[in-house]
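Per-entry structural report
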Amino acid sequence: MKSEWTYRPLGELVSFASGGTPSKKRDDYWGGTIPWISAKTLKTENIDTSDLFITEEGLKAGSKIAPKGSILLLTRGSGLFNGIPIARVEKDVAFNQDIKCLDSYGEVENEFIFYWLLSQKDYLMAKVGVTGIGAGKFDLDFLQKLMIPIPSERERKSIVGFASSISEKIRCNAKVNDNLEQQAQAIFKEWFIENPENNEWSTGTFSELIKTTLNGDWGKEAPTGNNTEKVYCIRGADIPEVKAGNKGKMPTRYILPKNFVKKQLTAGDIVVEISGGSPTQSTGRCTAITQSLLDRYDSGMVCTNFCKAIKPKEGYSLFIYYYWQYLYGKGIFFSYENGTTGIKNLDFSGFIETETILIPPVDKVIAFDDYCKSIFNQIFANGKQNEHLAVLRDTLLPKLMSGELDVSDIDL
């Protein structure tokens, strides 16, 4: 701690605003052009868009805009038990009631406050409470009273410059991964959708290309009775992270050893979310399981019982994966959903057994699989580098923010 630094309560430096959720029963509130961030979609990153969008009517009816440059912080939700999502806003976005928007009054820059909050993640995690329904929560009064250091403007800019240079490298890798994914999707469409060689192709269903399917398991939080097999459990919430080449934050669970034998995920499997969704997001999201992903965990992996895993026939893994995503993007899965209690369920069997697809000769499928493997390897290599960069940034930030280290002391 440097003696010349001053300290102020966070509440004196920033405003706190709460968002909201427009009625999900009103179609005219959803599907507009305004990105809307929920507790499920908020990640620690720069935000300029979302998977969900609302209309101007939806904004007026129940949400609020987080302006460019402000900070979004999750203050309520189960996501708080897996980390503290904190994001910078790069373009005006709307947000829900589980998130607070922090915006500087001008004395200290939003960028510095953002990185200071990142440096406090471990401390903030220790302060997460529990709501009456078992979700995590932060007390607003606690947040406003947090004491934040105020170095000189030169020191603040130096710290922000160091941290943002690492964050920018992480962001560049993420953009490269997004471009690689788009390339693979474009090749899939060109080869299998736009220019099919119909004289060699057959009409069929996904069930013809699937060797078997696996149910999920949730097991126990700690070793209990015969639940002794430690596993990592991939959830629907982990699918976007894994697709982006990241490790994700899969929880550790303990299941029956005999169930692990039946349900263990291996390279080439495809995990599908079969319960969840929203008015504008159907069930059916999927991700491919790669050896690169499995190697980043120290135990085996299964999916939750809100997901199902596909074991494709030899050579068909990435063909199924990209065909599935292509149909998901067209909104096909909305017609295979059931459930009226707020949680939608995918008619998985109905989809794989009745949705008609074109099946090409196996040699063309294998050529596509080989092509995509190189893309997947690059995506996961970039994801692994991002993981290391984030650890470096998050390790050094607390020392910089406490004055223990100066940026000039760091040799990268």
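Structure report, in brief. Each chain has its residues counted from 1, following the order in which its sequence is written. Local features in this predicted model are restricted to residues whose pLDDT is 70 or higher, and side-chain atom pairs enter the listing and the counts only when it is 80 or higher, whereas totals over whole chains, interfaces and linings include all residues. In computing side-chain properties, one takes all heavy atoms of the structure into account and sets aside hydrogens as well as water.

Disulfide: a pair of cysteine sulfur atoms within 2.5 Å of each other. Going through the model one piece at a time under the given rule, you end up with zero disulfides. With no disulfide of its own, C372 lies closest to C286 among cysteine sulfurs, the gap being 13 Å. Relative accessibility under 20% of the residue-type maximum defines a buried residue, over 50% an exposed one, and the middle range a partly exposed one, all with a 1.4 Å probe and only protein chains included. Judged by relative accessible area, which is 0%, C372 ranks as buried.

With that settled, the discussion passes to helix 3 (residues 110–119). In DSSP terms, a helix is any run of H or I states spanning at least four residues, a strand is any run of E spanning at least two, and both are numbered starting from the N terminus. Counting buried positions along helix 3 yields nine of ten residues, so the element is predominantly enclosed. Regarding helix 3, the residues found buried are N110, F112, I113, F114, Y115, W116, L117, L118 and S119.

Here the focus is the nonpolar core. We call a set of buried Ala, Val, Leu, Ile, Met, Phe, Trp, Tyr and Cys residues a nonpolar core when their side-chain atoms join them within 4.5 Å. Within the largest apolar cluster, 55 residues are counted, with the highest numbers of intra-cluster contacts made by F206, V272, Y322 and W324. It is helix 10 (residues 317–329) that contributes the most residues to this core, nine residues altogether. Note on definitions: a residue-residue contact is assigned when non-hydrogen atoms from the two residues lie within 4.5 Å. Other than its neighbours up to four places away in sequence, F206 contacts I320, Y323, W324, L327, F351, I352, E355 and I357. Counting residues in each nonpolar core, the second largest holds 52 residues, with L10, F95, V108 and M401 among its members.

Before going further, it helps to spend a moment on the pairing of strand 9 (residues 86–89). Burial along strand 9 is two-sided: I86 and R88 and A87 and V89, pointing in opposite directions, are all buried. Across two bridges, strand 4 (residues 46–47) lies against strand 9 in parallel orientation. In the sheet register, N46 faces strand 9, and the bridge partner there is R88. At least two bridges found by DSSP between two strands are what make those strands a pair. In the sheet, strand 7 (residues 71–74) pairs with strand 9 via three bridges, with the strands oriented antiparallel. Residue pairing for strand 9: L72 is matched across the bridge by A87.

Each Phe, Tyr or Trp ring (for Trp, its six-membered ring) is paired with any other whose centre lies within 6.5 Å, and the angle between the two planes then decides the class: stacked below 30 degrees, edge-to-face above 60, tilted in between. Considering all chains together, one arrives at 31 aromatic pairs under this definition. Each ring, one from F319 and one from Y323, has its centre 5.5 Å from the other, and the planes form 90 degrees; the classification is edge-to-face. Within this pair, F319 and its partner Y323 are both found in helix 10, separated by four residues, close to a single helical turn. Comparing F319 with Y323, the two get one shared label, buried. The criterion for a charge sitting over a ring is simple: Lys NZ or Arg CZ within 6 Å of the ring centre, and within 35 degrees of the ring normal. Positioned over the ring face of W218 is R253, at 4.0 Å from the centre of the ring.

Moving on: the sheet that holds strand 12 (residues 129–130). Across the sheet, three strands lie side by side as 8-13-12; this open sheet has antiparallel pairing. Looking at which strands have only one partner, the edges of the open sheet turn out to be strand 8 (76–77) and strand 12. As defined by bridge partners, strand 8 adjoins strand 13 (residues 136–137) across two bridges and the pair is classed as antiparallel. Among the inter-strand pairings, G77 is bridged to a residue of strand 13, identified as G136.

Another aspect to go through is the packing of helix 10 against helix 12 (residues 362–402). Viewed as axis vectors pointing N to C, helix 10 and helix 12 meet at an angle of 80 degrees, and their least axial separation amounts to 8 Å. By the angle class used here, helix 10 and helix 12 are roughly perpendicular. Where helix 10 abuts helix 12, its residues S317, L318, F319, Y321 and Y322 lie against V365, F368, D369, C372, K373 and F376. Three classes are used: nonpolar for Ala, Val, Leu, Ile, Met, Phe, Trp, Tyr, Cys and Pro, charged for Asp, Glu, Lys and Arg, and polar for all others, with Gly counted as polar. Grouping the constituent residues of the contact of helix 10 with helix 12 by class yields eight nonpolar, one polar and two charged. To obtain each axis, a line is fitted to C-alpha atoms, and for helices this fit is confined to the stretch in contact; angles are then taken between N-to-C directions over 0 to 180 degrees. Oblique is the label for any angle not covered by the other classes, which are roughly parallel (under 35 degrees), roughly antiparallel (over 145) and roughly perpendicular (65 to 115).

In a regular helix each residue adds 1.5 Å, so 13 residues correspond to 18 Å; helix 10 covers 19 Å between its end C-alpha atoms and thus fits that length. With respect to burial, helix 10 is a largely interior element, eleven of its 13 residues being buried. Once helix 10 ends, the next one or two residues include G331, with phi positive near 80 degrees. Given the number of residues in a helix, its expected span is that number minus one, multiplied by 1.5 Å.

Take it as geometry only, folks, not as evidence of what the structure does.
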